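Here is what each chain is made of, one letter per residue.
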Number of protein chains: 2
Amino acid sequence: MARPRQNEHRREDLLQKGIDLLAAHGYHGTGLKKILDTVEVPKGSFYNYFESKEHFVAEIIDQYSRNMLERLDHMIGEADDDPVVVLHRICSAMLAEVEKNGQRGCLIGNLAAEIGTSSNCCRESMQRAYLSWKSRFIDLLASAQAKGLLRQDLPADVLCDMLWNTWEGALLRMKIDGSTAQLKQTVDVLLNHLFLPPVSTTNQEK
Amino acid sequence: MARPRQNEHRREDLLQKGIDLLAAHGYHGTGLKKILDTVEVPKGSFYNYFESKEHFVAEIIDQYSRNMLERLDHMIGEADDDPVVVLHRICSAMLAEVEKNGQRGCLIGNLAAEIGTSSNCCRESMQRAYLSWKSRFIDLLASAQAKGLLRQDLPADVLCDMLWNTWEGALLRMKIDGSTAQLKQTVDVLLNHLFLPPVSTTNQEK
């Protein structure tokens, strides 16, 4: 029997490989056989780690979310005092990531579209992922509002929703257009126009 | 041999049934057997109508888009002179449609997430669908800008992109949250706040 630490390492390895599989083929496009072949474990061992394919995917979403938060915290940690500059930096990094990954889009958004209404345990993982992502962005947006850098007539909570929703929609457009132009436009339009205070006294408009 | 008009009717019937199947199960979740069982044609006859499952789905997207445009034109045709009122009316109707269909979301958005990067012919259909949708909305948005009802610092083209992208992202949130709250918020935030002229002299804020 493998020692607990080895098991934990193996489990995380399976989840990381699962992220790539799901991002490339979606939920229904990723059969159990493909999973087993890719992660190189026999069916029996796989079920020692995960109750079902569905539960495996739910844990993959949690892992994807942890990866994302780690990167976010790294970027926020390096921040100077201007939260809008940090927001621009994070969006640029997300864009670079999308371009590096060949326009696969966001795992959460893709799975929400495909199985959001059919898998409860995956949906719960997606909810957790969104809320943890939001917890980081809401602080930045509220801080920018407090400094008068962003409009204050809407709660940071609402700006946060708009940012996520518009970015996710732009990722869908990327898949339709075969171009990341909509992602760039989204960041520019939100941060340099729509989110600015009505009469801007900042120099955010570049 | 069936007469051409009958063939055309049968073809459209197959496409309409395909819309429901794809909306409920996605591309990979809709096997050819399920299609044949639902549309009640033998495999051989199916291939008389469509070259492949992929081409069937591309035509389904075109049909979905035609259905959508027909409804849009009906709503625009009934319009009074205030294009923002028309936009609100269309968004309310889209919301009612989403609620009626049990939160299936938008077929174009769902398929973009799942197969946007893997099927060229479906992607081309999605591009056509977006452009025809946009052609209707851009007129309404530009007209609202010309009347001073919406902000003029961004082209109607860009507002149109923002509206579609944010709506599609909100549909994903609906699937994650199990609620249409984000859709309602999106329409309110865009049309009653972010899209308004910097100092609004209208009474759009309700």
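Residues numbered from 1 in each chain as written. Chains lettered and ligands numbered in written order. Predicted model: local features only at pLDDT ≥ 70, side-chain atom pairs only at ≥ 80, totals over all residues.

## Considerations on the nonpolar core
Then comes step 1: Counting 97 residues, the largest nonpolar core has A:Ile61, A:Leu111, B:Ile61 and B:Leu111 as its most contacted members.
Then comes step 2: Dropping the residues within four chain positions of it, B:Ile61 is found in contact with B:Leu107, B:Ile108, B:Leu111, B:Cys122, B:Ser125, B:Met126 and B:Ala129. (Core = buried A, V, L, I, M, F, W, Y, C linked by C-beta atoms within 7 Å. Buried ≥ 20, exposed ≤ 12 C-beta atoms within 10 Å, placed from the backbone. Contact = placed C-beta atoms within 7 Å.)

## With respect to the interface of chain A and chain B
Then comes step 1: On the chain B side, the residues contacting the 41 residues of chain A number 41 residues.
Then comes step 2: Secondary-structure elements contributing two or more residues to the side of chain A that touches chain B are helix H6 (107-115), helix H7 (120-146), helix H8 (156-177) and helix H9 (181-194) of chain A.
Then comes step 3: For the side of chain A that touches chain B, the element with the most residues is H8(A), which contributes 15 residues. (Helix = DSSP H or I, 4+ residues; strand = E, 2+ residues; numbered from the N terminus.)

## Describing the relation of the copies chain A and chain B
Then comes step 1: Superposing chain A onto chain B takes a rotation of 180 degrees plus a shift of 0.0 Å along the axis, which leaves an RMSD of 0.0 Å. The relationship between the two copies is best expressed as a two-fold rotation axis. (Least-squares fit on C-alpha atoms with pLDDT ≥ 70 in both.)

## Describing the packing of H6(A) against helix H6 (residues 107-115) of chain B
Then comes step 1: H6(B) packs onto H6(A) with a crossing angle of 125 degrees between their chain directions and a minimal axis gap of 8 Å. One element, H6(A), and the other, H6(B), form an angle in the oblique class. The crossing of H6(A) and H6(B) is left-handed. Across from A:Gly109, A:Asn110, A:Ala113 and A:Glu114 in H6(A), the residues of H6(B) making contact are B:Gly109, B:Asn110, B:Ala113 and B:Glu114. (Axes fitted to C-alpha atoms, helices over the stretch in contact; angles between N-to-C directions. Parallel < 35°, antiparallel > 145°, perpendicular 65-115°, else oblique. Left-handed = near helix turned anticlockwise from the far one by under 90°.)

## A look at H9(A)
Each α-helix turn comprises 3.6 residues. Residues three or four places apart therefore point the same way.
Then comes step 1: For H9(A), the full list of buried residues reads A:Gln182, A:Leu183, A:Thr186, A:Val187, A:Val189, A:Leu190, A:Leu191 and A:Leu194. Projected down its long axis, H9(A) shows its buried positions confined to an angular sector of 170 degrees, all on one face.
Then comes step 2: Those residues of H9(A) that are buried are in contact with helix H5 (83-100) and H8 of chain A together with helix H8 (156-177) and helix H9 (181-194) of chain B. (Arc of directions from axis to C-beta.)

## Concerning the confidence of the model for chain A
All names here are of chain A.
Then comes step 1: Averaged over every residue, the pLDDT of chain A is 89; residues scoring 70 or more account for 93%.
Then comes step 2: The low-confidence segment residues 200-206 (pLDDT under 50) makes 9 contacts with residues lying over four places distant or belonging to another chain.
Then comes step 3: Here the complex is predicted with pTM 0.90, and the ipTM for its interfaces comes to 0.91. (pLDDT = per-residue confidence, 0-100.)

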